[in-house]
Structure formats: structure tokens, C-alpha cells
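Secondary and tertiary structure notes
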Amino acid sequence: MIDFEIPASLGKQLQILEQVALNVMRPASRHFDVHEHDRPWDYIKLMWDGGNNAGYRGRAGSGDLLSMSGGEGGEKVSGPKIRNLALMYTVEMLSYGDCGLYLSTAGGALGAAAVEAAGTPEQRERFLTRFKGGEPKWGAMAMTEPQAGSDTANIRTTAKLTEDGKEWILNGEKIFVTNGLMAAQESPGIVVVWATIAPGTGRAGMRAFVVEGNTPGMTVARLEKKHGIRASDTAALTFADCRIPYDNIIGSPELAKAEGKDSKGFAGAMKTFDATRPLVAASAIGVGRAALDFTKDFLFKQGVTIRYDAPPNVLTAVERDVMRMEAQLRAAWLLTIRAAWQMDIGISNSLEASMCKVKAGEAVTWVTQKAVELLGAEGYDCKLLVEKWMRDGKINDLYEGTGQINRLVVARRMLGYSSKEL
Ligand SMILES: Cc1cc2nc3c(=O)[nH]c(=O)nc-3n(C[C@H](O)[C@H](O)[C@H](O)COP(=O)(O)OP(=O)(O)OC[C@H]3O[C@@H](n4cnc5c(N)ncnc54)[C@H](O)[C@@H]3O)c2cc1C
């Protein structure tokens, strides 16, 4: 049964993270919004060292908060498995502080999630232990290309085996890689690169490869300038005759032999998203909650209190709006906690992972716009963070599958259609 109470073992960690959100992240929010490519080192080091010292090093910890690197939800956590649930609460709380800063937290993030979802035990050991100590390191996942966003099967980056079969040579261009700079160039991190081993065969030829930070041939072509989440580094990466060892292909080496004939490689990508889409949803909820709390406080100072016990016919339009904001976020939260809980107990959650992301992406977009609207000109002014939350929140409806693409996933899963049929 899903437990809607915050697990006691997690409560203390969340209290600490709330202090970080309010006292470390919020005061830095505007600076890193205005100075897009500055790195928030104070925050990064605080979180990395904090994770080490607190000893909660699993996925819910903060040093390797987003490493997805094994462990059972932090060594100090006992009782039922709450690994994904713990991560969901953590991401929500940090995004309540600042979504862009949360994304810049050192750890394995999407890159490690891909290794964890589809890698062999040897690969997990080789690629993920780096996120457990030493200097801060980042992981990234590079799927998107100029001609291939939602249409992932259209990727053109190639991976060619050398004649002696010992190495892969990657060539191609990836865009919009979250943490791309830090993972590829500024730390000994990892970039999981999706490439085709059989051009023209679509999903069947797709495989994922781990490219370690600073591998010759992988370069950062540029840093993107964005509408929101500006504290997060988003890079374009170029691969020019980038050589990596043969066994850096994620999953069984047998996958390399099934050239263009099976789509297990692509299935690996989808497994990654089952773990990470609930976290995108959690991040959306965190931003939405920031906007909602601020709006309620702002209205309260203007003498508006929300009468939860009043009948609908006497409620003002503002009260209705606030209640609807709360209801939207609560609905998203319920779907998200379900998707995370299913992962924790080992039930397939592809449907629920997409569902919660659709709902949370839509909710945060609407809630943050509503907050700007209810505050009037002040909501639109850069003196407050409300306009920023509106810009930040929208990303959750775009990356890791847009709202439309996740709706398609939901429809396919519910109706039993394949991607060829719907
Ligand atoms: C800040 C940021 C960070 C990102 N981080 C990463 C990352 O770390 N790694 C990575 O690989 N990518 C990343 N991305 C890329 C992101 O995943 C893509 O932008 C997203 O998948 C959409 O692809 P696209 O931009 O090419 O849009 P398109 O695929 O061109 O879509 C444009 C519009 O058409 C709609 N559409 C497309 N196909 C369909 C369809 N079949 N049915 C209905 N509607 C459809 C879409 O929903 C969208 O509204 C990031 C993007 C941003 C902005």
C-alpha cells in the first residue's frame, strides 16, 4: 500500500534540505538567472560535501544526490524500500528552492540513470562509483540532435566498430545536453551518448555508449542561452572520431552484434525514463509549490484569506483560483508518488511515469502563470521570483518527452498499441 506520510527516516533530511532551499538557493536564484553561465560553486560544494558528511549517500543523499548510483536509498535509511520515494521528495524540495540550481547539483543524474537501468553489474561498478566521493562530478545523457528531438529514432550520430573490434568511434552532434559542460569537460564524469550502429534502421540500430569526461574527440561546441533554469548548464556536444573502449556500449556486448535487428537498445532508453520522469514531475511540483506558497502569502498580506470551509457560491474568483492551484498540484503529487512507489516495490511504472509527468508539467505551467496573474504587475516584475518560476517551470513540460509525447505513451499503454500503430 502507498504510504502518504513522509517516511520518518527521511523527515530530518527534508528539514535540512528545506533550510538549504530557503536560505542557500533562494538568495542565489536571481544571480544565476541573470548570469547564466556562472557556476554555483558554493551550492555545488555544500551539497556534495553535505552528502558525504551526512552519510546518506544513496540516491536520496545530496553528495551524490542525483547519481542514481546504487545503494538502497541511503545507508542510514531503514525499513521499507523508499529509494525512489526519497529521491522524489528530495527533488521536490530542492526545486522548491530553485529548479535551475537543483539541476546543477553534482551527481550522475540522467547519465547514471541510464547505466543503472540498462548497464551490466560491471558497468555500474566502473562508471558509477566515481559519484560516491572525491571531487564533485556530473553525469549527462545526450540523445537530442538538431533533427531528432521527439523523433528519437531519427538520430544520426554513428558508432562504428574498429576493424580489430576493440573500440567504437563516435561521430555526430548532440544539442541541449543538461550538465553537458560539467560532465564532458569540467569533471571526470560520464556522458551517455545515444548513437546508431546501423544507420537507416531507426530504433533497432540505437545503442547507448558511455563516454568518460575529457575523452579526446568529445568537445563542448557551445552553451545554450535559455528562457529559464539558467543556473543549469545546457551544452551542445560534438563527437569527431571519438574513440571509446568496446565494452562502453551499455548492456550486453551481444547488443552490438544484433546490428539493426532488435530494439533492446532503445528499450534501455525507455527504462531510464521510467526512473527519471517521476523526478521531472517532482521538480515541477516543487516549482509550483514555490509559486503557490508565495501567492498565498502575498494575498494574505493584502487581506485575502482563503475560506476553505465556505460554500462554492460565496467564494471569490481569487479564492477559487488558489484552490484550483492547490488541487492541480495535489493531483500531480498523487500521480507522482504512485509512480515512484511502484518503482520502489518493483512494479512496472512506464504508464504512471508518463502520466505523472504530463500532469505535473501542465500543472506547473498553469499554476505559475496564475501566480503571475494574481500578483498583477508585481508578478511580472523581476524584483520578485514569481516571473522566474513561470519561466523555470515550463521546462518540465518539455524535456524527457514533451507533454504531447508523454500523452502518446499513456495512450499506447492504456490501449495496448505499439508505437507503429499509434
Ligand atoms: C533546457 C533543456 C534541457 C534539455 N536536456 C536534455 C538532455 O539532457 N538530453 C537530451 O538528450 N535532450 C535534452 N533536451 C532536449 C529535449 O528532450 C527536447 O527538446 C524534447 O525532446 C523535444 O524535442 P524538440 O525540441 O526537437 O521538439 P520537437 O520534437 O521538434 O517537437 C516540437 C513540438 O511538436 C510536438 N510533437 C513532436 N512530435 C509529435 C507527435 N508525434 N505527436 C504530437 N506532437 C508532437 C512536440 O510535443 C512539441 O510540442 C533538453 C531541452 C531543453 C530545452
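Note: the structure precedes this text.
The written sequence of each chain sets the order in which its residues are numbered from 1. In keeping with the model being predicted, local features are shown solely for residues with a pLDDT of at least 70 and side-chain atom pairs are shown and tallied solely at 80 or more, while totals for entire chains, interfaces and linings include all residues. Think of the side-chain values as coming from all heavy atoms in the structure, minus any hydrogens and water.

1. Examining the nonpolar core
Rules: Only buried residues count toward a nonpolar core, which is a set of Ala, Val, Leu, Ile, Met, Phe, Trp, Tyr and Cys residues joined through side-chain atoms within 4.5 Å. Relative accessibility decides the category of a residue: with a 1.4 Å probe and only protein chains considered, values under 20% of the type maximum give buried, values over 50% give exposed, and everything between is partly exposed. Runs of E in the DSSP output that reach at least two residues are strands. Runs of H or I that reach at least four are helices, and both are numbered from the N terminus. Contacts are assigned to residue pairs that have any heavy atoms within 4.5 Å of one another.
Counting residues in hydrophobic clusters, the biggest one holds 92 residues, and the most contacted among them are Leu170 and Phe209. In terms of residue count, the dominant contributor to this core is helix H9 (residues 264-301) (12 residues). In this structure Leu170 touches Thr158, Ala159, Val193, Ala195, Phe209, Val211, Phe239, Ala240, Asp241, Cys242 and Ile244, once residues within four positions along its chain are discounted.

2. Regarding the packing of aromatic side chains
Here is the rule we go by: Two rings from Phe, Tyr or Trp (for Trp, the six-membered ring) form a pair when their centres are within 6.5 Å of each other. A pair whose planes differ by under 30 degrees is stacked, one over 60 is edge-to-face, and the rest are tilted. Lysine NZ or arginine CZ positioned within 6 Å of the ring centre and within 35 degrees of the ring normal marks a charge as sitting over the ring.
Considering all chains together, one arrives at six aromatic pairs under this definition. With a centroid separation of 6.0 Å and 70° between ring planes, the pair formed by Phe294 and Trp389 is classed as edge-to-face. Of this pair, Phe294 sits in helix H9 while Trp389 sits in helix H13 (residues 386-393), and the two are 95 residues apart along the sequence. Judged by its relative accessible area of 27%, Phe294 falls in the partly exposed class. By relative accessible area, Trp389 is classed as buried at 4%. Linked through ring pairs, Trp168, Phe209 and Tyr246 together constitute an aromatic cluster. Note that Arg26 overlies the ring of Tyr96, its terminal NZ or CZ placed 4.8 Å from the centroid. Here Arg324 stacks its cationic end above the ring of Trp366, 4.5 Å away from the centre of that ring.

3. What about the environment of Pro27?
Examined against the element boundaries, Pro27 turns out to sit in helix H1 (residues 8-34). What makes Pro27 exposed here is its relative accessible area of 58%. The spatial distance from the C-alpha of Pro27 to the C-alpha of Asp98 is 9.6 Å, given a sequence separation of 71 residues.

4. Let's talk about the environment of Tyr308
This is how the line gets drawn: Side-chain atoms alone can form a polar contact between residues adjacent in sequence; in general such a contact is a pair of N or O atoms within 3.5 Å, and within protein one must be able to donate a hydrogen while the other accepts it.
For Tyr308, the location among the structural elements is in the loop between H9 and helix H10 (317-344). Spatially, the C-alpha atoms of Tyr308 and Arg320 are 9.6 Å apart, while their sequence positions differ by 12 residues. The contact partners of Tyr308, leaving out residues within four places of it in the chain, are Lys296, Met323 and Glu326. One polar contact links Tyr308 to Lys296, side chain to side chain, over a distance of 3.1 Å.

5. As for the site of the ligand
The condition is simple: Distances are taken per atom, and a residue is near a molecule or strand as soon as one of its heavy atoms is within 4 Å of it. All accessible areas in this document rest on Shrake-Rupley with a 1.4 Å probe, and a residue is counted as covered only by the protein chains that are shown. Residue polarity follows a fixed list, in which Ala, Val, Leu, Ile, Met, Phe, Trp, Tyr, Cys and Pro are nonpolar, Asp, Glu, Lys and Arg are charged, and the others, Gly among them, are polar.
The local shell around the ligand holds 19 residues, among which Met141, Thr144, Ser150, Phe176 and Thr402 are the closest. The backbone of Phe176 places a nitrogen or oxygen atom 2.9 Å from a nitrogen atom of the ligand. Within the contact set of the ligand, a nitrogen atom lies 2.8 Å away from a side-chain nitrogen or oxygen of Thr178. The protein chains hide 63% of the 980 Å² of surface that the ligand would expose on its own. Counting only elements with at least two residues in the shell around the ligand, the list comes to strand S1 (139-142), strand S3 (167-178) and helix H14 (403-415). Tallied by class, residues from the shell around the ligand come to 11 nonpolar, six polar and two charged.

6. Side note on the environment of Glu326
Structurally, Glu326 can be placed in helix H10. Residues Glu326 and Ile347, 21 residues apart in the sequence, show an inter-C-alpha distance of 29 Å. In contact with Glu326, other than residues within four places in its own chain, are Leu292, Lys296 and Tyr308.

7. So, a nonpolar patch on the surface
Put simply, the rule is: For patch detection, residues must exceed 30% relative accessible area and be free of salt bridges, and they are connected within 9 Å for like charges or within 5 Å for nonpolar side chains (Val, Leu, Ile, Met, Phe, Trp, Tyr). A side-chain nitrogen of Lys or Arg and a carboxyl oxygen of Asp or Glu constitute a salt bridge if their distance falls within 4 Å.
Nonpolar side chains collect at one region of the surface, where Leu408, Met414, Leu415, Tyr417 and Leu422 lie side by side and expose about 480 Å² of accessible area between them. Relative to the helices and strands, Tyr417 is located in the segment after H14. The exposure class of Tyr417 is partly exposed, given its relative accessible area of 42%.

8. Observations regarding the pattern of salt bridges
Pairing of side chains with opposite charge becomes possible as their charged atoms draw close. Scanning all chains against the criterion turns up 26 salt bridges. Measuring nitrogen to oxygen at the nearest pair gives 2.7 Å for the salt bridge that ties Arg30 to Glu387. Of this pair, Arg30 sits in helix H1 while Glu387 sits in helix H13, placing them 357 residues apart in sequence. For the residue pair Arg30 and Glu387, the accessibility class agrees, reading buried in each case. The shortest N-O distance in the salt bridge between Lys370 and Asp321 comes to 3.2 Å. Here Lys370 is found in helix H11 (residues 350-375), whereas its partner Asp321 is found in helix H10, with 49 residues between them in sequence. Judged by relative accessible area, Lys370 falls into the buried class, the value being 12%. A relative accessible area of 18% places Asp321 in the buried class.

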